[in-house]
Amino acid sequence: MTTQTPLWTSEEVAVATHGRLTPDISTWHASGVSIDSRTCKPGDLFVAISGDQFDGHDFIAQAFDAGASSALVSRTPDGIDANAPLVIVDDCMEALEALGRAARDRTRAAVIAVTGSVGKTGTKDALNLAFGALGTTHATQGNLNNHIGVPLTLARLPRDTDFAIIEMGMNHPGEITELSKLARPDVAIITTIAAVHLEFFESVAEIADAKAEIFDGMSPGGIAILNRDNVYFAILASRAWAHGLEHVVGFGAHPEADSQLSACTLNGDGSDVTARIDDRIVRYSLSVPGRHWIHNTLAVLASVHALGGDIDCAAAALRELEAP
């Protein structure tokens, strides 16, 4: 009988968060991480995040009732058993970030991050399918792509994952910089730049600058995958090179795209696609209608190629893609 390796042990959580275990002899392991008592599962570490409308400390009892193995708290809540397994920290949000950072430090997974004005979640799902055909994957759930969702996704990253797919969203300058420095992507995809969230920006060019923050946490060996058909391609490429990235890959129908659409047949249920990925011709089918899906899967296959994966295997898996 095999024993599954825990996601976190009590000692690992305490070290990563600089927390104090109570009781002092507390020894436990967590199989997951939760910030919502309503969806908390047996074995989860419950993190009591305090927000504008709710304080997670008010729901710790419910989390333990749901089977949480422990709770990460900034204060000892009322009505909790004195021997309840807790990790006491100064700030729960900072502790969640620290847990995500520790998970990133220990993983051997290739980290693929995706952002863009539109198409982030669908592209993330396509990445999960494509890389799932090549190894074990871990991806952002739903659209948990903000300052809470990204560290939570990282904190949930299993030890034996081959590929981690992290979606990053923003509506203010500087947000993606912090997310990128936390996730430290090996590959960064920007789906497109469009007039979205203009209530927070003075121009679409400022949106492009904010999306380019995804390069801020990358090392020189990192790979930027950019929409070659978008008018902001040159600006984004220059930002990638300015950050020291050695590889910029374009995708789209543009004649200079590295991951290029050669031909496609669209129908009401999906499409049949012929693409050139670098010097390879790949044919595949999608079960979701729309040309935008085709373009985003070109970015997906570019990322597979960039990481040395089997393009044909990944492309075949894309037939299972569904709209979010």
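Novice: Teacher, can you tell me more about the sheet that holds strand β10 (residues 163–167) here?
Specialist: Strands in a sheet are paired, the pairing made by backbone hydrogen bonds, and the direction either parallel or antiparallel. Taken together, the 9 strands give an open sheet; going across it, the order is β9-β10-β8-β11-β12-β13-β14-β15-β16, and neighbouring strands pair in mixed fashion. The outermost strands of the open sheet, each flanked by one partner alone, are β9 (137–139) and β16 (280–286). Strand after strand, the sheet turns through a mean of 20 degrees between neighbouring axes, direction not considered. Across 2 bridges, strand β13 (residues 247–252) lies against strand β14 (residues 259–267) in parallel orientation. The partner of Gly-252 across the bridge, within β14, is Gln-260.

Novice: In this structure, what is going on with the sheet that holds strand β5 (residues 44–47)? I would like to understand it.
Specialist: One open sheet accounts for 5 strands, arranged β2-β7-β6-β5-β4; its pairing is mixed. Only two strands of the sheet have a single neighbouring strand rather than two, namely β2 (20–22) and β4 (32–34). Strand after strand, the sheet turns through a mean of 25 degrees between neighbouring axes, direction not considered. Sheet topology places β5 next to strand β6 (residues 70–73); 3 bridges connect them, and they run parallel.

Novice: Would you take a moment to explain the packing of helix α4 (residues 120–132) against helix α9 (residues 291–306) for this structure?
Specialist: Helix packing for two helices is described by the angle between their axes and how far apart those axes are. Contact pair α4 / α9: the axes reach a minimum separation of 9 Å and the direction vectors enclose 45 degrees. One element, α4, and the other, α9, form an angle in the oblique class. Crossing angle aside, the handedness with which α4 passes α9 is right-handed. Taking contact as the criterion, the partners of Gly-122, Thr-123, Ala-126, Leu-127, Ala-130 and Phe-131 in α4 are, on α9, Trp-293, Asn-296, Val-300, Ser-303 and Val-304. Here the residues of the contact of α4 with α9 sort into 7 nonpolar, 4 polar and no charged.

Novice: Please clarify how the nonpolar core should be interpreted in this entry.
Specialist: Soluble, globular proteins show a tendency: their nonpolar side chains are buried together. By size, the foremost hydrophobic cluster in this structure holds 71 residues, and its most contacted members are Trp-8, Val-33, Leu-72, Met-168, Phe-215 and Leu-226. Counting residues per element, this core draws most heavily on helix α3 (residues 92–106), at 7 residues. With sequence-adjacent residues up to four places away left out, Val-33 is seen in contact with Leu-7, Trp-8, Asp-44, Leu-45, Val-47, Leu-96, Leu-99, Leu-152, Ala-155 and Arg-156. Judged by nonpolar contacts, the second largest core, of 37 residues, contains Val-282, Ile-294, Leu-301 and Ala-315.

Novice: What exactly am I supposed to notice about the side chain of Ser-259 here?
Specialist: Structurally, Ser-259 is set in strand β14. Contacts of Ser-259, omitting those with residues within four sequence positions, involve Gly-250, Phe-251, Gly-252, Arg-276, Ile-277, Leu-298 and Ala-302.

Novice: What am I meant to see in the environment of Arg-101 here?
Specialist: Topologically, Arg-101 is positioned in helix α3. C-alpha separation for the pair Arg-101 and Asp-209, spaced 108 residues apart in sequence, amounts to 25 Å.

Rules of the game
Residues numbered from 1 in each chain as written. Predicted model: local features only at pLDDT ≥ 70, side-chain atom pairs only at ≥ 80, totals over all residues. Heavy atoms only, no water. Pairing = 2+ DSSP bridges. Helix = DSSP H or I, 4+ residues; strand = E, 2+ residues; numbered from the N terminus. Axes fitted to C-alpha atoms, helices over the stretch in contact; angles between N-to-C directions. Parallel < 35°, antiparallel > 145°, perpendicular 65-115°, else oblique. Left-handed = near helix turned anticlockwise from the far one by under 90°. Contact = heavy atoms within 4.5 Å. Nonpolar A, V, L, I, M, F, W, Y, C, P; charged D, E, K, R; others polar. Core = buried A, V, L, I, M, F, W, Y, C linked by side-chain atoms within 4.5 Å. Buried < 20%, exposed > 50% of the residue type's maximum accessible area, 1.4 Å probe, protein only.

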